[in-house]
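Here's the letter readout for the chains.
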Amino acid sequence: MQSSTSENRKICLSTSEGVEFIPTREILFCEANGSYTDFHLTDRRKLIVSKNLKEYENMLQDCNFMRVHNSFLINLGEVKKYVRAEGGYIVMNNDKQVSISPGKRDDFLKRMGF
């Protein structure tokens, strides 16, 4: 990580093409993909990184990110809405639906100010 404020912080992601320095504010969410992590970005790009989601959960915990499901780590600043139907899910600003675990729902709503 770089920079002192979380708003300007960047994360270093090693992809098959090289190393990218991505501002954390440009990450919509991270999705577990076996031993890889898929980063979904605000510019609609997807980066695949060969580290598991748990490592990024630890790196991004101070940057307004939350693990809402075994497979998803989301940027709380990029949440569009929460839908109660079908057990509940989150809609991100890119309209992607993200599952939320029942045990994480109350903490998520509290962190969103509800």
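Quick summary incoming for the structure in this document. Everything numeric in this text was worked out from a predicted model, so none of it was measured.

Basis of the calculations
- Residues numbered from 1 in each chain as written.
- Predicted model: local features only at pLDDT ≥ 70, side-chain atom pairs only at ≥ 80, totals over all residues.
- Heavy atoms only, no water.
- Pairing = 2+ DSSP bridges.
- Helix = DSSP H or I, 4+ residues; strand = E, 2+ residues; numbered from the N terminus.
- Axes fitted to C-alpha atoms, helices over the stretch in contact; angles between N-to-C directions.
- Phe/Tyr/Trp six-rings, centres within 6.5 Å; stacked < 30°, edge-to-face > 60°.
- Buried < 20%, exposed > 50% of the residue type's maximum accessible area, 1.4 Å probe, protein only.

1. Brief notes about the pairing of strand β8 (residues 79-83)
Bridging between β8 and strand β9 (residues 89-92) involves 4 bridges; their strand directions are antiparallel. Each bridged residue has a counterpart across the sheet, and for V83 the counterpart in β9 is Y89.

2. Concerning the sheet that holds strand β5 (residues 46-49)
Within the open sheet, the 5 strands sit side by side as β5-β4-β3-β7-β6. Their pairing is antiparallel. Looking at strand neighbours, the two that pair on one side only are β5 and β6 (65-69), the edges of this open sheet. With direction set aside, neighbouring strand axes in the sheet form an average angle of 20 degrees. The pairing of strand β3 (residues 27-33) with strand β7 (residues 72-75) spans 3 bridges and is classified as antiparallel.

3. What to know about the packing of aromatic side chains
By the definition in use, this model includes 3 aromatic pairs. With centroids separated by 4.9 Å and ring planes inclined at 90 degrees, the aromatic side chains of F39 and Y56 adopt a geometry described as edge-to-face. With F39 in strand β4 (residues 36-41) and Y56 in helix α1 (residues 53-60), this residue pair connects regions lying 17 residues apart in the sequence. Ring plane angle 55 degrees and centroid distance 6.0 Å describe the contact between Y82 and F108, whose orientation is recorded as tilted. Taken as a pair, Y82 in strand β8 and F108 in helix α2 (residues 102-111) lie far apart in primary sequence, 26 residues in all. Judged by relative accessible area, which is 21%, Y82 ranks as partly exposed.

Geometric values such as these leave the question of function open.
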